Amino acid sequence: MFKLDRKSIIIGTSAIATSALMLSGCMGTTAFGSSSETASAPSKVGVYAIKNKTAIDGGVTYEKANGTEAAYSYNQQSTKGVSFGRTPTANEIKAWDIDALPDGTGLPEGEGSVEEGDELYEEQCAACHGDFGGGGNGYPQLAGGNQDKDENGIVITLKNQRLAPGMDAPKRTIGTYWPKATTLFTYIRDAMPYATPKSLSANETYAITAYLLAQNGVMIDGQEMDEEYVLNAQKLTKVVLANNNGFYPNIDGPTGPADVKAFFADRAKNIGSGTRCMTDCKDPGMDGKTEATVMKIGYEMKDVVPAYSTVRDLPPEVEDKSISKAEKMYNVNCKLCHATDNMGAPAVGDVAAWKEVTAKGVDKVVYNAINGMGGMPAKGGNEDLIPSEVKEIVDFMIESSKPKH
Amino acid sequence: MNKKFNTEESTSVVSRRDFFKRTASVSAVAAASILAPASLLADDENIMHHPKWGTTLGDECNYNPYGFPSKYEHNVVRRTSALMSSAGDMHAAISMTPLHIQKGIITPSGLHFTRTHNGVAHVDPNKYRLMIHGLVEKPIVLTLEQLKRYPSESKILFMECPSNGAAEWKGPQFNSLQFVRGMMSCSEWTGVRLKTILDELGLKPEAKWMLAEGSDGSEMSRTLPIEKVLDDVMIVYGQNGESLRDEQGYPVRLMAPGWEANLCVKWLKRLEFGDKPWYAKEETSKYTALTASGKAIQHFYALETNSIITSPCPEIPWTDLKKGDLVEIEGLAWSGHGTIRGVDISFDGGKNFVEASLKGLVLPKAWTRFSYMYKYEGKPLLLQSRSYDDSDNVQPTVNQEKKVVGVEGVYHRNAIHTWAVNAKGEVSNVQVRS
């Protein structure tokens, strides 16, 4: 094995010619023969002393001894007995420990039907995720895709690879891709609806979960989920989604962590790894005969914000952008839904829409903004707003939606 | 306005400059580089005149109690694209660090890339609580001040979104270093080694996994294996000498060195120890890498060894060079598996490589700079860099990676990157692949 002598690279000759002169031959297919590392002690392949060459992620961990750990020095005095904070109360743990596991541990009491879920979904989710979870508005699609499996139990369309333009993408929806239905429940309860997360009750969450599972054609205990189907914790735990076995390495059971470690230990096979060839390299991904081609950008993505620039000049004078308190509150609490009519809200600036809204009288409109109506959450979902602030915002919205002269 | 010298001497100098301005057919810059008698060069106005900043009183010493970059640096900013979001909605989106400007290995906190799933939360530090419970003998709840009472540790570590480069699985898309690799940054992070706290809480032997949960609207949560937790995981509150920025999870985030930034949960609220993994949304629907087999890799933790040439790049090309100029090729290498051992550079798209030098600090799981002095010849090049680390991990070619995982995996792309340099010194993003 060669050892490159850096000093003998003569700067000034062509770098490519230099490489051909200095390096004779390829290092072969193994990444490193550790035997060739004659200069290094076995525990020290690189700069720092290694403790473990097979950490769970396939990487190394470093020796922590005699006041150093890799590049860092540390205080060797004992930290035993360092303890701050307090024991949480049982109620505090109960308030925060609401996660749920695939086996159902942690799921709350409650129930909801597909039909109730349908109504809630239409009101609170469809604007972004599309009718029936079908997507189409640029937000994630929640239902659809083909769940048919091949003889090995693999969802066939997940094997789609777009190796050329025009080919179909694998479709990753709840029905085709998600492994566990409990994830759907906790995610909706904790993170959706997007602008007002954590506003759904357990019953409402069961209902919406039921609706989305039904839209994905899920059966529970061999039973189809029709409009009347009522979902609860026990039934949710029984759901087996199509792609339940579609993930590796195994993480479940007593061998989970060891299985993960074994998987990442074999990087070349499992995640792809390179070889340190130095001259006349043949790309092992190819057949050894075909030349690799240089693929250029077909369609350049230039739609970036702010636009590209490396100029060093004074920034353009910006006009005074100070805005009213009402506008600020609007930006934070309402703009997400009211900037356009995508979500069925009257868009600010849409003269006709606001003419219609205010026809019922401003007081009634303010009342609706405070108390909610249809897809409009009470106070836009921010309980902290006081009624007079909501009124200020509504005035601003109305004012900004008058015809401009 | 520039104030002119008013001595006789300098007036004569100025008039000579004016003469050359009128007669010289080449620009001052070009003229300066031609080997000609000094007297034939046009004089540079910036030398011949006192600048405004030298003839006026500057700002008071603490005019900005918290400093800003120079106004002239206003284009050095994070950038984003509707492509990095749902429907152009920038609350669940990504912004990229301007790597082309970045020198050294520390990203200014304000330029650290951002990824949010429900907007940037603004946490009141007085109301902040961290709960650690589950399979521990002694559950605990901490305020921010109490957390900061534990012995602290500071480490320089990169942070990378596993989608870094995800737009490029099927081919090159962006002609920009910032968008090709900008979903990463490197900072000095300060906090508490989680093991220090756990030693006191007493982890039960059945504990195999840890749930980390954020307090933002998305309640971002992820499962980590205990082995990592007891190795180098930290709870951090400091970044580059100050508190975390809101965008980085102020006041507290998890730091799993070398692992997916998504696992480094921001606005950290709760750590629960359990005997089973949780299957959170961000470790099932997302952050799993679908391979050509139709199955997906889950719990894909470490970012593999990777590198990119940062100079030249599309934003800062070699168009100002002339044949014979000796110029530095510079770049960044990093590995979540360990420490970078070296980087090789190719000029011909990967047929032949030469060894580059590492420079500066070479730290585990941190950005590492590499450098190679090159004599510019105005010839087209296919520039590549390939890193390797002390876990015997070598950066794969596009084909080597594609062969094992296909092109639909989204996450963990670390194939060797290629910049094409043309005869004019312009740089563009290409891929060498079959």
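Parameters at a glance
Residues numbered from 1 in each chain as written. Chains lettered and ligands numbered in written order. Predicted model: local features only at pLDDT ≥ 70, side-chain atom pairs only at ≥ 80, totals over all residues. Heavy atoms only, no water. Helix = DSSP H or I, 4+ residues; strand = E, 2+ residues; numbered from the N terminus. Contact = heavy atoms within 4.5 Å. Pairing = 2+ DSSP bridges. Disulfide = S-S within 2.5 Å. Buried < 20%, exposed > 50% of the residue type's maximum accessible area, 1.4 Å probe, protein only. 1 Å grid on protein atoms, 1.4 Å probe; cavity = no way out; pocket = protein on both sides within 12 Å on 5 of 7 lines; lining within 4 Å. Points joined across faces, edges and corners; volume = space filled by probe spheres on them. Nonpolar A, V, L, I, M, F, W, Y, C, P; charged D, E, K, R; others polar. Domains from an automatic or database assignment. Axes fitted to C-alpha atoms, helices over the stretch in contact; angles between N-to-C directions.

## Some words on the environment of Ile197 of chain B
Residue and element names in this part refer to chain B. Position of Ile197 relative to the elements: it lies in helix H6 (residues 194-201). Taking the C-alpha atoms as reference points, Ile197 and Phe273, separated by 76 residues in sequence, lie 13 Å from one another. Discounting residues that sit within four places of it in the chain, Ile197 has contacts with Ile132, Leu142, Leu147, Tyr150, Val192 and Ile235.

## Focus: the sheet that holds strand E10 (residues 247-248) of chain A
With mixed pairing, 3 strands are arranged side by side in an open sheet as E10(A)-E16(B)-E15(B). Looking at which strands have only one partner, the edges of the open sheet turn out to be E10 of chain A together with strand E15 (289-290) of chain B. Pairing of E15 of chain B with strand E16 (residues 296-297) of chain B involves 2 bridges; the strand directions are antiparallel. Its bridge partner lying in E16 of chain B, Leu290 of chain B is registered against Ala296 of chain B.

## What about the state of the cysteines?
Under the definition given, this model contains 1 disulfide over all chains. Residue pairing for Cys277 of chain A: its cysteine sulfur links by disulfide to Cys281 of chain A, the two sulfurs lying 2.2 Å apart. Its torsion about the S-S bond being -100°, the disulfide of Cys277 of chain A and Cys281 of chain A is classed as left-handed. Taking the relative accessible area as the measure of exposure, Cys277 of chain A reaches 6% and is therefore buried. Between Cys161 of chain B, a free cysteine, and Cys264 of chain B, which holds the nearest cysteine sulfur, the sulfur-to-sulfur gap is 11 Å. The exposure class of Cys161 of chain B is buried, given its relative accessible area of 3%.

## Some points on empty space enclosed by the protein
According to the stated counting rule, one finds 9 cavities of 30 Å³ or more in the structure shown. The volume enclosed by the largest cavity comes to roughly 240 Å³. As for the largest cavity, its lining consists of 19 residues, of which Thr186 and Asp190 of chain A together with Ser221, Ala280 and Lys281 of chain B are closest to the centre. Examining the composition of the lining of the largest cavity, we find that 6 residues originate from one element, helix H5 (residues 181-191) of chain A, more than from any other. Here the lining of the largest cavity is composed, by residue class, of 8 nonpolar, 5 polar and 6 charged. Here the second largest cavity is characterised by a volume of approximately 190 Å³. Lining the second largest cavity are 21 residues, with Arg115, Arg253, Ala261, Asn262 and Lys266 of chain B positioned closest to its centre.

## Re the domain arrangement of chain A
As assigned here, chain A comprises domain 1 (29-73), domain 2 (111-236) and domain 3 (325-399). Inter-centroid distance (C-alpha atoms) of domain 1 of chain A to domain 2 of chain A is 46 Å.

## Digging into the sheet that holds strand E22 (residues 368-375) of chain B
Residue and element names in this part refer to chain B. In space, the 4 strands of this open sheet follow the order E17-E18-E22-E21, with antiparallel pairing throughout. Edge strands, defined here as strands with exactly one partner in the open sheet, are strand E17 (306-311) and strand E21 (357-359). Within this sheet the neighbouring strands show an average axis-to-axis angle of 35°, counted without direction. The sheet contact formed by E21 and E22 spans 3 bridges and is antiparallel. For Leu358, the partnering residue across the bridge sits in E22 and is Phe370.

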